[in-house]
Amino acid sequence: MSTTRLMIMGLVSYLQPVHGYDIRKELTSWNVESWANVQPGSIYHALRRMTEEGLLEAVDTEQVDGRPARTRYRLTKAGEVEYQAMLRRYWWEYQEPVDPFLAAFAFLPSLSRSEAAGALRARARLLESWVATYRDSGDEWTAGKPAHVGWQFELTMVRAEAEARWCHDVATRVEAGEGMQFNEAAGTDGEHGAEAWRKAIREQFGEPTDEDDE
């Protein structure tokens, strides 16, 4: 929700007074759902919520040719303060991105070595394909847009290239026998070493209490 607020307040600060329809269309054209986790369907709700909280205010409402009435918004003084604070917080702080792949990777041992290595190399190929597409079409995508839009694409591309190299590297390690797969450890120490794992959890965190069992 905080990212959605930042995107909306930032766009309102540029375009105010501006219709909610224009905000939604512009943010959708930026593909914000893919890189900022801003869902187009949440934008109108966020506009209403921020208006209720005093961060935005409705300037006027227009209705043209029998179409639904559209409200124009602008930042309030409180909204401008909130926007500037949030903008600088995201500039100066680092937050790790939430990536479902990392949740799946935490259980890499559940896959066989061949499947894990194959999946990693397939992911690398997908990333390399995206980078190649950007290199071929980047100028077209950023044509007529501010320079920093192109720089943002470059950041995404550099990250994708680094992850692709990492995927190939880890796949090579898995194929070489590094690490542990559950199917290889079965029967040696309980089911895939679960006994030792449970023991390590208890040693680190202690025995469960009644509160933990709730």
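Residues numbered from 1 in each chain as written. Predicted model: local features only at pLDDT ≥ 70, side-chain atom pairs only at ≥ 80, totals over all residues. Heavy atoms only, no water.

Asks: Could you give me a rundown of the pattern of salt bridges, with the residues and numbers involved?
Replies: Applying the stated criterion to the full structure yields nine salt bridges. Here Arg123 makes a salt bridge to Asp99, at a shortest N to O gap of 3.6 Å. Residue Arg123 is located in helix α7 (residues 113–142), and its partner Asp99 is located in the loop between α5 (77–92) and α6 (100–105); the two are separated by 24 residues in the primary sequence. Through salt bridges with shared partners, a single ionic network connects Arg5, Arg49 and Glu53. (Salt bridge = Lys/Arg side-chain N within 4 Å of Asp/Glu carboxyl O. Helix = DSSP H or I, 4+ residues; strand = E, 2+ residues; numbered from the N terminus.)

Asks: Outline the layout of surface pockets, supporting the account with residue identities and numerical values.
Replies: When its volume is computed, the largest pocket comes out at roughly 3000 Å³. Taken together, 50 residues make up the lining of the largest pocket; nearest its centre are Trp35, Ala36, Gln152, Thr156 and Arg159. Contributions of two or more residues to the lining of the largest pocket are made by α1 (2–15), α2 (20–29), α3 (32–35), α5, α6, α7 and α8 (147–175). Counting residues per element, the lining of the largest pocket draws most heavily on α8, which supplies 12 residues. Of the pockets and cavities examined, the second largest pocket occupies roughly 180 Å³. What lines the second largest pocket is simply Gly20, Tyr21, Tyr44, Leu47, Arg48, Pro68, Ala69, Arg70, Thr71 and Tyr73. Those elements that provide at least two residues to the lining of the second largest pocket are α2, α4 (43–52) and β3 (70–75). (1 Å grid on protein atoms, 1.4 Å probe; cavity = no way out; pocket = protein on both sides within 12 Å on 5 of 7 lines; lining within 4 Å. Points joined across faces, edges and corners; volume = space filled by probe spheres on them.)

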